[in-house]
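Notes for the structure review
Now for the letters of each chain:
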Number of protein chains: 4
Amino acid sequence: MSKQTTNISWRDRLHEIIYEADTPAGKLFDVVLLIFILASILLVMLESVKTIDAKYHNILYYGEWTVTILFSIEYIARVITVRKPWKYIFSFYGIVDFLSTIPMYISFALAGSHALVALRALRLLRVFRILKLARYLGASNQLASAIKASRAKISVFLFAVLIAAVIFGTIMYLVEGAEHGFDNIPKSVYWCIVTLTTVGFGDIAPETALGQFIATIIMILGYGIIAVPTGIVSAEYTKASGDQKKKFSDEELEHQKSLQLNTQCCVNCLSETHQDGAEFCHKCGCKLHYD
Amino acid sequence: MSKQTTNISWRDRLHEIIYEADTPAGKLFDVVLLIFILASILLVMLESVKTIDAKYHNILYYGEWTVTILFSIEYIARVITVRKPWKYIFSFYGIVDFLSTIPMYISFALAGSHALVALRALRLLRVFRILKLARYLGASNQLASAIKASRAKISVFLFAVLIAAVIFGTIMYLVEGAEHGFDNIPKSVYWCIVTLTTVGFGDIAPETALGQFIATIIMILGYGIIAVPTGIVSAEYTKASGDQKKKFSDEELEHQKSLQLNTQCCVNCLSETHQDGAEFCHKCGCKLHYD
Amino acid sequence: MSKQTTNISWRDRLHEIIYEADTPAGKLFDVVLLIFILASILLVMLESVKTIDAKYHNILYYGEWTVTILFSIEYIARVITVRKPWKYIFSFYGIVDFLSTIPMYISFALAGSHALVALRALRLLRVFRILKLARYLGASNQLASAIKASRAKISVFLFAVLIAAVIFGTIMYLVEGAEHGFDNIPKSVYWCIVTLTTVGFGDIAPETALGQFIATIIMILGYGIIAVPTGIVSAEYTKASGDQKKKFSDEELEHQKSLQLNTQCCVNCLSETHQDGAEFCHKCGCKLHYD
Amino acid sequence: MSKQTTNISWRDRLHEIIYEADTPAGKLFDVVLLIFILASILLVMLESVKTIDAKYHNILYYGEWTVTILFSIEYIARVITVRKPWKYIFSFYGIVDFLSTIPMYISFALAGSHALVALRALRLLRVFRILKLARYLGASNQLASAIKASRAKISVFLFAVLIAAVIFGTIMYLVEGAEHGFDNIPKSVYWCIVTLTTVGFGDIAPETALGQFIATIIMILGYGIIAVPTGIVSAEYTKASGDQKKKFSDEELEHQKSLQLNTQCCVNCLSETHQDGAEFCHKCGCKLHYD
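Residues numbered from 1 in each chain as written. Chains lettered and ligands numbered in written order. Predicted model: local features only at pLDDT ≥ 70, side-chain atom pairs only at ≥ 80, totals over all residues. Heavy atoms only, no water.

**With respect to the environment of A227 of chain D**
Rules: Helix and strand assignments come from DSSP, with helices taken as H or I runs of at least 4 residues and strands as E runs of at least 2, each series counted from the N terminus. Working rule for contacts: check all heavy atoms of both residues, and any pair within 4.5 Å makes them a contact.
Secondary-structure assignment places A227 of chain D in helix α13 (residues 227–247). Excluding residues within four positions of it along the chain, A227 of chain D makes contact with P229, T230 and V233 of chain A.

**Some words on the pattern of salt bridges**
Under the convention used in this document: Any carboxyl oxygen of Asp or Glu that lies within 4 Å of a side-chain nitrogen of Lys or Arg is treated as forming a salt bridge with it. Note on exposure labels: buried denotes an accessible area under 20% of the residue type's maximum, exposed denotes more than 50%, and partly exposed covers the range between, all computed with a 1.4 Å probe on protein chains only.
One pass over the structure, following the stated rule, counts 20 salt bridges over all chains. Between D12 of chain A and R83 of chain A there is a salt bridge, and its shortest N-O distance comes to 3.6 Å. Taken as a pair, D12 of chain A in helix α1 (residues 2–19) and R83 of chain A in the loop between α3 (50–81) and α4 (85–89) lie far apart in primary sequence, 71 residues in all. Residue class for D12 of chain A comes out buried when judged on its relative accessible area of 8%. For R83 of chain A, a relative accessible area of 34% gives the class partly exposed. Two residues, R78 of chain D and E74 of chain D, come together in a salt bridge whose shortest N-O distance is 2.6 Å. Separated by four residues within a single helix, R78 of chain D and E74 of chain D lie in helix α3 (residues 50–81), roughly one turn from each other. Residue R78 of chain D is classed as buried on the basis of its relative accessible area of 2%.

**So, the interface of chain B and chain A**
Rules: When two parts are brought into contact, each loses some accessible area as probed by a 1.4 Å sphere; the total of that loss over both is the buried area. In protein, a polar contact requires one atom able to donate a hydrogen and another able to accept it; more generally it is a pair of N or O atoms within 3.5 Å, and residues adjacent in sequence count only if both atoms are side-chain atoms.
The interface of chain B with chain A comprises 46 residues on the first partner and 44 residues on the second. In total, about 3900 Å² of surface goes out of reach between chain B and chain A, with carbon and sulfur atoms giving 77% of it. Linking chain B to chain A there are zero salt bridges. The tally of links from chain B across to chain A stands at two residue pairs in polar contact (both at pLDDT 80 or more).

**Points about the packing of helix α11 (residues 185–196) of chain B against helix α12 (residues 209–225) of chain B**
Residues and elements named next belong to chain B. The test is simple: The axes are straight lines fitted to the C-alpha atoms, using for helices just the contacting stretch, and the angles between their N-to-C directions are given from 0 to 180°. Note on angle classes: values under 35 degrees are labelled roughly parallel, values over 145 roughly antiparallel, values of 65 to 115 roughly perpendicular, and the remainder oblique. Residues are grouped as follows: Ala, Val, Leu, Ile, Met, Phe, Trp, Tyr, Cys and Pro are nonpolar; Asp, Glu, Lys and Arg are charged; every other residue, Gly included, is polar.
Look at α11 against α12: their axes get within 8 Å of each other, and the N-to-C directions meet at 50°. Our classification of the angle between α11 and α12 gives oblique. Residues W191, C192, T195 and L196 of α11 form the contact with α12, whose own contacting residues are A215, I218, M219, L221, G222 and I225. Taken together, the residues of the contact of α11 with α12 sort by class into eight nonpolar, two polar and no charged.

**Things to note about the interface of chain A and chain D**
Contacts between chain A and chain D engage 47 residues on the former and 44 residues on the latter. Taken together, both faces of the contact between chain A and chain D bury some 3900 Å²; the carbon and sulfur share is 77%. Counting the surface chain A buries against chain D, the share from its top three residues, Y190, F201 and Y237 of chain A, is 16%. The interface formed by chain A and chain D holds zero salt bridges in total.

**A few points about the relation of the copies chain A and chain D**
The condition that has to hold: We superpose the copies by least squares over the C-alpha atoms of residues that have a pLDDT of at least 70 in both of them.
With an RMSD of 0.1 Å, chain A superimposes on chain D once it is rotated by 90° and translated 0.0 Å along the axis. Between the two chains, the operation in question is that of a four-fold axis. The overlap is low: 15% of the interface residues of chain A also sit at the interface in chain D, so different surfaces are used on the two sides.

Structure representation (structure tokens):
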């Protein structure tokens, strides 16, 4: 039995290092992991630059294998230190961790799997977990509730933009035609969105007087309607700030803030947001600290 | 007389399926119609892509005829199931339904009527009715009243932008001249609007030092003045939200919401926005349900 | 004496037609003038299009002379129907009226005075007086006071943008150099403003990796800082609306609105904004109506 | 001892001229310095224009030496008139003054030090001190606190934009490939930021149908998310204005304003923001005026 206690304690100590950041070892782990993720993204980028790849192919290749092996070890460690591994494996970050580890193994099996580069770029999403960015953003809940409240309106708004793009795109296709770069309706709709969003690449541009006149209308439309989503988010955000002030007293806001800075993570159910002095998980009752 | 009752009941049942969405058949009809509209838009787009049209011309041609015949049947069904057909025919959606159905018939009579493609793109507007998007947008009336309140100001503002574009366009025509792409004043005004709205195609760009200096002023002007319409909509929207909160109690807002989700549509006068338990139309007194 | 009364009455009747819009003749005069101004702008534009000028040179030439003569008559009429002609001549609209009338006379005296086209484009400013746009805009005084309140901050802000453009422009000149289109610092600063304001012509674009990296920073800076002027105007406008609501009762707002729709214009001092039932000018005491 | 009094008085009188602007000599000094700074920036710019440099090389060269020597004298004067020279030398403006003076001396010692042009462009930052722009901007503290409050959120937001750019950039690299200008991932990410920020140079543009479709998504994303930072700054600024109104009475705001317009600068500790009638520095107790 003594052995099992040690075993639990060993897994729990590792859990504290990997999942939490309030011990020196836990903080060090996060910093090292952050450096490896950014390094691996740099590797992906440099590998695509032909002049660099030609010169340093071997370094990049071994670097990628080092990162892959380290990520594999980390993935296995994350799985074994959690009491309910399936909960981690099928969580959002669990899937991201898995997908960003496997590309190298697949490319070993299948030759020329070029598209795996995109999977490797997914590693960037892992930065969100380490920096707890999502939690930091949602902290005051103001921005989240502002976006939530304006989501429906902005969706309908963007849908209206798309319909305008299709109708104006069809008209431009008829007016300009293939000889001026408006080869077909999908391309013409693409041009229309480029114009409405004020991006304006200029790879395709109207050349007839009528086409330029219609383009003018599209541009002024695009310039004017950007005010609508901006106004909505701005107003909803103002409202959300005001509502929160009324609902929560200063003490409660202080309490919320402390929750968000606490990095405790339950070994059993992976739930976060624990209070500063908490000894047991508020979701499953499992003990949080094993000293 | 019994026959006529059956007849009315048959038309009313069809009316419920076509115009409303609270029976399983009504919902199925809406979903099927939505799929056909999107499919017909896809047909219009694919037909314009030469490589696809060359390969699958027949499939696209028969597809278009299938859609046209189905839309024709639907149009006739809409007309005969309404008590006052003219009211439907000359309503906004009635005209859209008609225009998006006829192109194929006209192209049958008149050869080479290329411009009818634009009419077929109008079919997208029908999506608005099915998804009841307009109603959904106007739901809270906040956005609608914000845009209504800022409409006059934004119009005058856009008019000022146009005058600035004409005056700056004339100056740029004098400064750059035809040798740098500013062929004439209308084209120069077009370039000016491209710049003021921060689209910036780059098909025409100033090349003299003076022209680039004036372009700088236009760009900073365009960058600065976008703040004005955005500020107006934002402030009006905040005000509209506040006003509505004061005017309506929570119960009334709840009531408004239920009105907007109800899909009942009177067989006699086509008015919508009925209360959830309503048995008779609140506009013409006509019975709503025939069970 | 009887003669002089008739004379005054004749001048005053003309004054009412030209300067005011509450008699049928006054309204007709405004509509006709509006049409002539827009027609004259159209003439300026069409004249610059070579293919049109080649074909219809004579029509455009005689059209321009017709407009010039009519504007001359109108200018003289405006001068003689006002009691203090110098007040009109040196007012903003008086100068605009004069400048938009003379170009044709000068071109008659001086051959090849190409630059006069710009003067002719100034005619568009006259539309502002006819539509009383400036007054309409400033009506609620909210937008005016919002822009006034944010003017200083936006100026300093734009100045900061300019300094950033000069410093980044110098850096880009050093990084990219003349071989990639960054010929000299002024051109590099021009490119920098094109990028900061998100216009992005693409006539000049960074080609080295370092240049593209710095361009990325400039673009994100430009994308981020547009939030500042927008936020300022939006907040000031919200404040201005709130302040006005507190300061003025509904009756006073109603009164202000009636002032702004009244088109009476004093024959003596040209002051506008008279009350609906006013018989005498509130500035100089001169009688307003001679029936 | 009498000599030392004269000496102090001489240094203090110079200090008043150089650092303050409430004597005629002080104002004149500021205006002259402003002219020299703008002239020196103009010199830097003109020197980079080859056609101008070829013609007026000598004038530009001697002009630069004149400016350098004058700035050197000013720098020495600033150092000796302050009681604690090190405090000035290592202050922000002290470093800017030093860096914008030395380039000419270095280029005298080291031949071909091209990069020093960037240092000379730093002179523009000195304008901020003369116009007291930073103080003017921060005056009401509203904008400052709005930006401070939204800084964290905007940072996380921009970080999310960067991650989106890397992931979409990788996808575009795979879809378009080197043959359409997407040579490698860093360049593809650069294009992605050009598109997300709605700059749209058009030096690189997607050419395949799939690439254009993904570009459409990126553009709509970029068009939609600009609403978020704008909404945040706008709402925070509204809140900051409201908070300040509550915190400070009108008298206190008046007092704050007078502080900000006062140009007194302590000879001992260089602290500014003194009250209008103050005789002694409120930070170190040193006498402010020596009449």
